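Here is what each chain is made of, one letter per residue.
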Amino acid sequence: MSRFFATGSDSESEESSSADEITPKATGTTFNKQFEEFTNIIKTIRNAMKIRDMSKCLEEFEQLYRAFLKSKTIMDKEGVPQFYIRLLADLEDYLNQLWEDKEGKKKMNKNNAKALSTLRQKIRKYNKDFETEIASYKENPEQSAEEEEKDDIGSGYTLSLCQDEESESEDDEESEDWGSDSVDSGGESEDNEGAAASLAVVFLKKYVYGDKHPERKKDDRRKRHKKMEQVDEEADEEGEGEEGGWEKVKGGVPLVKEKPKMFAKGTEINNAVVIKKLNEILQARGKKGTDRSAQIELLHALAGISNENNLGEGILVKIKFNIIASLYDYNTNLAAFMKAEMWKKCLECIDELLDILFENSNIFIGENIAEDSENLAISDQPFRVRGCILTLVERMDEEFTKIMQNTDPHSQEYVDNLKDEGRVCGIIDRLLQYLESKGSTEEVCRVYLRRIMHTYYKFDYKAHRRSLGLQGETKSEQDQEESEGEDSAIIMDRLCKFIYAKDRTDRIRTCAILCHIYHHALHSRWYQARDLMLMSHLQDNIQHADPPVQILYNRTMVQLGICAFRQGMIKDAHNALLDIQSSGRAKELLGQGLLMRNMQERNAEQEKIEKRRQVPFHMHINLELLECVYLVSAMLLEIPYMAAHEFDARRRMISKQFHHQLRVGERQPLLGPPESMREHVVAASKAMKMGDWKTCHSFIINEKMNSKVWDLFPETQRVREMLVRKIQEESLRTYLFTYSSVYDSLSMETLSEMFELELPTVHSIISKMIINEELMASLDQPTQTVVMHRTEPTSLQNMTLQLAEKLGGLVENNERVFDLKQGVYGGYFNRDQKGGYQQRQNYQRGGYRNQNQSSY
Amino acid sequence: MGSLKDSAVSGSNPLDSPVKQIQIDGLVVLKIIKHYQEEGQGSEVVQGVLLGLVVEDRLEITNCFPFPQHTEDDVDFDEVQYQMEMMRSLRHVNIDHLHVGWYQSTYYGSFVSRALLDSQFSYQHAIEESVVLIYDPIKTAQGSLCLKAYRLTPKLMEICKEKDFSPETLKKACVGYEHMLEEVPIVIKNSHLINVLLLDLQEKSMVADKHELLNLSSSNHLEKSLQLLMDRVDGMSQEIVKYNSYCRNLSKQQQQKQQYLQRRQQENTQRQSRGEPPLPEEDINKMFKPPQAPPRMDTLLIAGQVNNYCQNIKAFTSQNLGKLFMAEALQGHSS
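Position numbers for residues count from 1 along each chain, tracking the sequence in the order it is written. Written order determines the labels here, with chains lettered from A and ligands numbered from 1. Two thresholds apply to this predicted model, a pLDDT of at least 70 for residue-level local features and 80 or more for giving and counting side-chain atom pairs, whereas whole-chain, interface and lining totals are computed over all residues. Computation of side-chain values: all heavy atoms of the structure, hydrogens and water removed.

Undergrad: Quick one: what's the story with the overall build of chain A, residue by residue and with numbers?
TA: For the purposes of this entry, the term helix denotes a DSSP run of H or I that reaches at least four residues, the term strand denotes a run of E that reaches at least two, and both are numbered from the N terminus. When helices and strands are tallied, chain A shows 41 helices and seven strands. The classification of residues rests on relative accessible area computed with a 1.4 Å probe and restricted to protein chains. Under 20% of the type maximum is buried, over 50% is exposed, and intermediate values are partly exposed. Split into buried and exposed, the 856 residues of chain A put 42% on the buried side. Sequence-distant contacts in chain A: of pairs separated by 6 or more residues, those separated by 24 or more amount to 68%. A total accessible area of about 46500 Å² is found for chain A, and carbon and sulfur atoms account for 51% of it. Working rule for contacts: check all heavy atoms of both residues, and any pair within 4.5 Å makes them a contact. Note on areas: these come from Shrake-Rupley sampling with a 1.4 Å probe, and a residue is covered only by the protein chains present in the view.

Undergrad: Before we move on, can you summarise helix 21 (residues 441–455) of chain A with the specific residues and values?
TA: Residue and element names in this part refer to chain A. Expected helix span is computed as 1.5 Å times (number of residues minus one). Its 15 residues give helix 21 an end-to-end C-alpha distance of 20 Å, which sits within 8% of 21 Å, the value for a rise of 1.5 Å per residue. Listed in full, the buried residues belonging to helix 21 are V444, C445, V447, Y448, L449, R451, I452, H454 and T455. Looking at the packing, one finds that the buried side of helix 21 touches helix 19 (389–405), helix 20 (412–438), helix 24 (488–502) and helix 25 (506–522).

Undergrad: Summarise unusual backbone geometry; cite the residues concerned and give the values.
TA: Peptide bonds are, in most cases, trans, and in most cases residues other than glycine have a negative phi. You will see that E756(A), though not glycine, has its phi angle at about 50°, which is positive. Within the fold, E756(A) resides in the loop between helix 38 (748–754) and helix 39 (759–771). E756(A) sits in the partly exposed class, given a relative accessible area of 44%. In this model, E56(B) sits at a positive phi of 50°, which is unusual for a non-glycine residue. Taking the relative accessible area as the measure of exposure, E56(B) reaches 66% and is therefore exposed.

Undergrad: Break down the nonpolar core for me, with residues and values.
TA: All names here are of chain A. With 151 residues, the main nonpolar core has F565, M635, I700 and W710 as its most contacted residues. It is helix 32 (residues 623–644) that provides the largest number of residues to this core, a total of twelve residues. Ignoring any residue separated from it by four or fewer positions in sequence, one finds I700 in contact with V632, M635, V681, A684, M705, W710, L723 and I727. Counting residues in each nonpolar core, the second largest holds 31 residues, with I41, L58, L88 and Y126 among its members. Think of a nonpolar core as a cluster: buried Ala, Val, Leu, Ile, Met, Phe, Trp, Tyr and Cys residues, connected wherever their side-chain atoms sit within 4.5 Å.

Undergrad: Could you give me a rundown of the interface of chain B and chain A, with the residues and numbers involved?
TA: Across the boundary between the two partners, chain B contributes 20 residues, which contact 17 residues of chain A. Criterion for a salt bridge: a side-chain nitrogen of Lys or Arg within 4 Å of a carboxyl oxygen of Asp or Glu. The tally of links between chain B and chain A comes to one salt bridge. The salt bridge partner of K806(A) is D234(B), with a shortest N-O separation of 3.1 Å. Residue type decides the class: Asp, Glu, Lys and Arg count as charged, Ala, Val, Leu, Ile, Met, Phe, Trp, Tyr, Cys and Pro as nonpolar, and the leftover types, Gly among them, as polar. Of the residues in the side of chain B that touches chain A, the class split is ten nonpolar, seven polar and three charged.

Undergrad: Quick one: what's the story with the environment of K139(B), residue by residue and with numbers?
TA: All names here are of chain B. With respect to the secondary-structure elements, K139 resides in helix 4 (residues 137–141). Separated by 177 residues in the primary sequence, K139 and F316 have C-alpha atoms spaced 9.2 Å apart. Residues in contact with K139, not counting those within four places in the same chain, are S144, C146 and N312. Distance and chemistry together define a polar contact, namely a pair of N or O atoms within 3.5 Å, with one atom able to donate a hydrogen and the other to accept it when in protein, and with adjacent residues in sequence counting only for side-chain atoms on both sides. There is a polar contact of 3.0 Å between the side chain of K139 and the side chain of N312.

Undergrad: Can you break down the sheet that holds strand 4 (residues 99–105) of chain B residue by residue, with the values?
TA: All names here are of chain B. A pair of strands is treated as paired once DSSP finds two or more bridges between them. One open sheet holds the eight strands; their spatial order is 7-6-5-4-2-3-1-8, and the pairing between them is mixed. Each edge of the open sheet is held by one strand with a lone partner, namely strand 7 (181–184) and strand 8 (186–189). Shown here is a sheet whose adjacent strand axes are inclined to one another by a mean of 35°, direction ignored. Axes here refer to lines fitted to C-alpha atoms; in helices the fit is confined to the stretch in contact. Angles between the N-to-C directions go from 0 to 180 degrees. Lying over the sheet, helix 1 (residues 26–39) contacts strand 1 (21–25), strand 2 (47–55), strand 3 (58–66), strand 4, strand 5 (131–135), strand 6 (147–152) and strand 8, oriented at roughly 35° with respect to strand 3.

Undergrad: Please provide a residue-by-residue account of the packing of helix 34 (residues 677–689) of chain A against helix 35 (residues 693–700) of chain A, values included.
TA: All names here are of chain A. Following both chains from N to C, one finds helix 34 and helix 35 inclined at 170°, their axes separated by 8 Å at the closest point. On the basis of the axis angle, helix 34 is roughly antiparallel to helix 35. Two secondary-structure elements touch here, helix 34 through H680, V681, A683, A684, A687 and M688 and helix 35 through T695, C696, F699 and I700. Partitioned by chemical class, the residues of the contact of helix 34 with helix 35 number eight nonpolar, two polar and no charged. Here the angle decides the label: under 35 degrees means roughly parallel, over 145 means roughly antiparallel, 65 to 115 means roughly perpendicular, and every other value means oblique.

Below you can see the structure in the form of structure tokens.
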């Protein structure tokens, strides 16, 4: 019970839970106490009403409201007491009357007048919750009065009756409002109604509105006011006679909403009857007033009945299909996710359904089986049932994603929910088996893709361990059990290849390729991943794909980049990550969160759509790792490049992002020891610029960075070693670029000592630089030295070259101005003369020659 | 360095100005140099007021005083007030108190700017014979005093008066960068007593005191000059691009206008043949607003500045080449 009403404030829910635990006796005493409190407050209110003390009224009303909240649990169980409703109705009438009485209002003192208006507003708002009850009370106030004791409350009530007549016109207005309101609230209250349905005792009388024309109701109301003194039965009769649509539950008798009876007693339960009933239930589906949870109950009951009566699997399957469908229907809103219990039920249902399907191989299901060609009866023919299990499972998978999206990723709840992933996978696996034997290739492709989607992002630790040959060491029984399964790589390979071969929709194949690449990259199979990416030509046309596929593509590219980095392919890593990182919206591009943006760029609708695209937390790629990998690879590329092209005017940046970080670092007025990952990289870059590889190394690889970034890799040690090596090499290059102008010759041995690299490595690096004409030097073999040629232009020469270039540009621009003039005149005045045109050509050629000369 | 030196450069002869020559007292030169050494450093510029009077066709500058350096935050400092006060005080001690111009230091010869143009214009507008003295401390430090007097040409004065720097007016006025400023020859004059003292000092001074003159290193100075030159060339390019796009826009609009007129004419002839009244002539200029022409003054100034840099670099390099040859000869001789 408490779960349904846990929507209120915290204190309230606490109360309710405690109330649940207390023994019935205790509940009784609290009930009595609260009841007393109520009557006391109501008495004071009535008194205050008599002497027109509005401020007192307001005060008491607020108290009453609090008291009501306190005892809400009991109220929920017992229903709202009649006297409470009566008070509310009377108070409102009374207030309205006072409000109308302009004269009286003027006479009132300020406090009272103020209290009156606040109270009036409050009660109006408050009474909306009890509209039905109040309406019912107003219709036959006397009868309900009978139920309660008649002391001074009663007299106050008669007073209000007389007032009622006086304020008729005003009341009509009100009732009109209610009329229209109650139509709306009918829909709202339905959820609660469902809960209340199982309650045995409900105090109040219930009216079902058959006919909801407000005008007619108003009419009716007016008449009823006149006949107020008459006996209520008469009034009822007349009401019924006039409206017909008004149906009244017998007064005074507690309404029992009994468990819906499926069939009349004694009916022979056979296929036809059950199907008829099923259709009956299904017809209500999707209609506005339908109680969805009740529908699910009904369907369950129906399933039970058909099971009892051995009507065969066909009908059971049919019902199961519908149960699952109505479970999905439970949330009308697309954004809302399933409640936990619904979700559990759904999983169970699907499991059962699959059980049935596996046990009975003579059931054919399919979307394309027409309703009337279904065969549900037990006969020699196989069952034929309309419905698609695959769609249901797909929907289930989506629901699972939705649940994960809507759970706080740092809570225990998330972990609990994540445990269901195994079940989801299990179901998909079973479906896969089922469809492999029965389904069409198209369906198989779809279910394969589902399977792939649940596999591709998981790192296969078993296979990893096995490949390292450590299997024997850490082997418990469980491990052994696990390791018997197929390698995820093999599964991926098998499933993806099937899809490549058989799929006819482009989307599934694209997704499969991307997942395959992702999986390869995750397991450091760089070459396979890269080849697949290049062969698929996805890079050319991915921008035409829908956003979820693009997100998958982005994830794949990032994973590919990280994989390249692990393998020491710095350049490839940088290229793969460049697109994602340079936009500065990596988070959004990977579907791992929304960026703060103003509402102009994105309205609420778009935001909802984007939210639905988010990748669940357990599939996220660590953004800090991503950025760090990108920045470090940018550093390894950019720093030597910067050193080599110090004076080049046409130098372009390799990585804007990296330069931005450097600038941010430079802008800092006071440089403390680095804290964040970015600061570490910036500090390391500075050290590298000086060729100081040891400092650089200590900035990139230390405890902080290990815990933040490097430990996230599966092969931490190997990556770190690779990184050190790269830092040494690139530092050596930077050093040579920066300081070559200072040296006449350099011993390679010294260099190898300085950078702790082996002599052959140093030799090869320097040779490569010489070959690429990056370093103007030659190697002297016998002495193992590098001899500098000193052909690098001095800074003055560099500057002169730059100036020449600029002047070339200037001349070109000038030519253009002149050109334009020529063109204009040529076009205008001497259109037929060829001279102008020729002249212009000449000038162009001259300009070109100039340009040629000016660039060197 | 205090030697009597006439850096009279044969500039274009002033035509209609009464002043043909400027005679500066040694005192003024020394005061300017001192002012820079005390207050100017790096690329900072110092400025001051020149005092003197016109005698026949020459302008005698007999005294000067600096503008005080003041930061931007003391707003209540009134420069005009200060100048008046200063001149009044100087008159009390019987010094020439007529305002005849102003002086300014320069950094690697970069002085042709809008600010200089504006203030020189206002000076010349108020006092016809006023000039601006440009003092180059860097060249002076290299061993040769560099002090030049400039004034705006009458042509430029007229343009400035109208404040119209559109391409057409400049074209009509035939003002090129070489016609913006004119240099006035300078003579430095000392009293006989001082001349005697200087001659006496010259006797005593050693060659070693003049070693700045023989400094062989050139790259630093050249690099700086090149940098500044490049900066201006960039500016020039930008201006040209601006002008270019303006020209293109203009011609495009002309075409549109022409097309529009033709169409209108055709329509009118058709209407006439049908006997309908012709369409009313609309204001074409209203429909086709000519694009805003970029002011050309900046381009002119930049060109002037570039010219200035080039002159400087040329002078410097030719001097340096001479020095290098001399050094080579000396080396060959000694070895």
